[in-house]
Amino acid sequence: MPDRNSSTPLYGIAVAADLLGIPEASLRLFESKGLLTPSRTQGGTRRYSDDDLVRLRRIAELREQGVNLEGVLRVLELQDENQALRDELAG
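Trainee: Which residues make up the environment of serine 6, and what values do they have?
Mentor: Mapped onto the fold, serine 6 is located in the segment before α1 (13-20). Placed 48 residues apart in sequence, serine 6 and valine 54 show a C-alpha to C-alpha distance of 9.8 Å. Residues contacting serine 6, with those up to four places away along its chain left out, are Ser49, Asp50 and Asp51. Side chain to side chain, serine 6 and aspartate 51 meet in a polar contact 2.7 Å long.

This is how it looks when you write it as structure tokens:
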């Protein structure tokens, strides 16, 4: 069996919410605010990857620390920029 890619969309919204202990409505809100963009099936069903779950855990951590959604978005943007720069330097 080949190794699974962490960006492969696997989980429906109910499963992702259950795995993370986050209400489905919160996942929809995070998407509407631009915090993440899950894949969609041809029928429009959301599918979350392992990478999405990691990002959602980070969002939940920041929210627990009292960061509002605009602040979370900015933190994630900066983290994404830093990672892109690290990848560029490494490779």
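Trainee: Tell me about the environment of alanine 16, residues and numbers included.
Mentor: When you line up the elements, alanine 16 lands in helix α1. For the pair formed by alanine 16 and leucine 53, sequence separation is 37 residues and the distance between their alpha carbons is 7.1 Å. The residues touching alanine 16, leaving out its near neighbours within four places in the chain, are Tyr11, Leu27, Tyr48 and Leu53.

Trainee: Tell me about the packing of α1 against helix α2 (residues 24-32), residues and numbers included.
Mentor: Running from N to C, α1 and α2 point in directions that differ by 105°, and their axes come no closer than 9 Å. Considering the angle they form, α1 stands roughly perpendicular to α2. In this structure, α1 contributes Ile13, Ala14, Ala16 and Ala17 to the contact, and α2 contributes Glu24, Leu27 and Arg28. Residue composition of the contact of α1 with α2, by class: five nonpolar, no polar and two charged.

What counts and what doesn't
- Residues numbered from 1 in each chain as written.
- Predicted model: local features only at pLDDT ≥ 70, side-chain atom pairs only at ≥ 80, totals over all residues.
- Heavy atoms only, no water.
- Helix = DSSP H or I, 4+ residues; strand = E, 2+ residues; numbered from the N terminus.
- Contact = heavy atoms within 4.5 Å.
- Polar contact = N/O pair within 3.5 Å; in protein donor to acceptor, adjacent residues only side chain to side chain.
- Axes fitted to C-alpha atoms, helices over the stretch in contact; angles between N-to-C directions.
- Parallel < 35°, antiparallel > 145°, perpendicular 65-115°, else oblique.
- Nonpolar A, V, L, I, M, F, W, Y, C, P; charged D, E, K, R; others polar.

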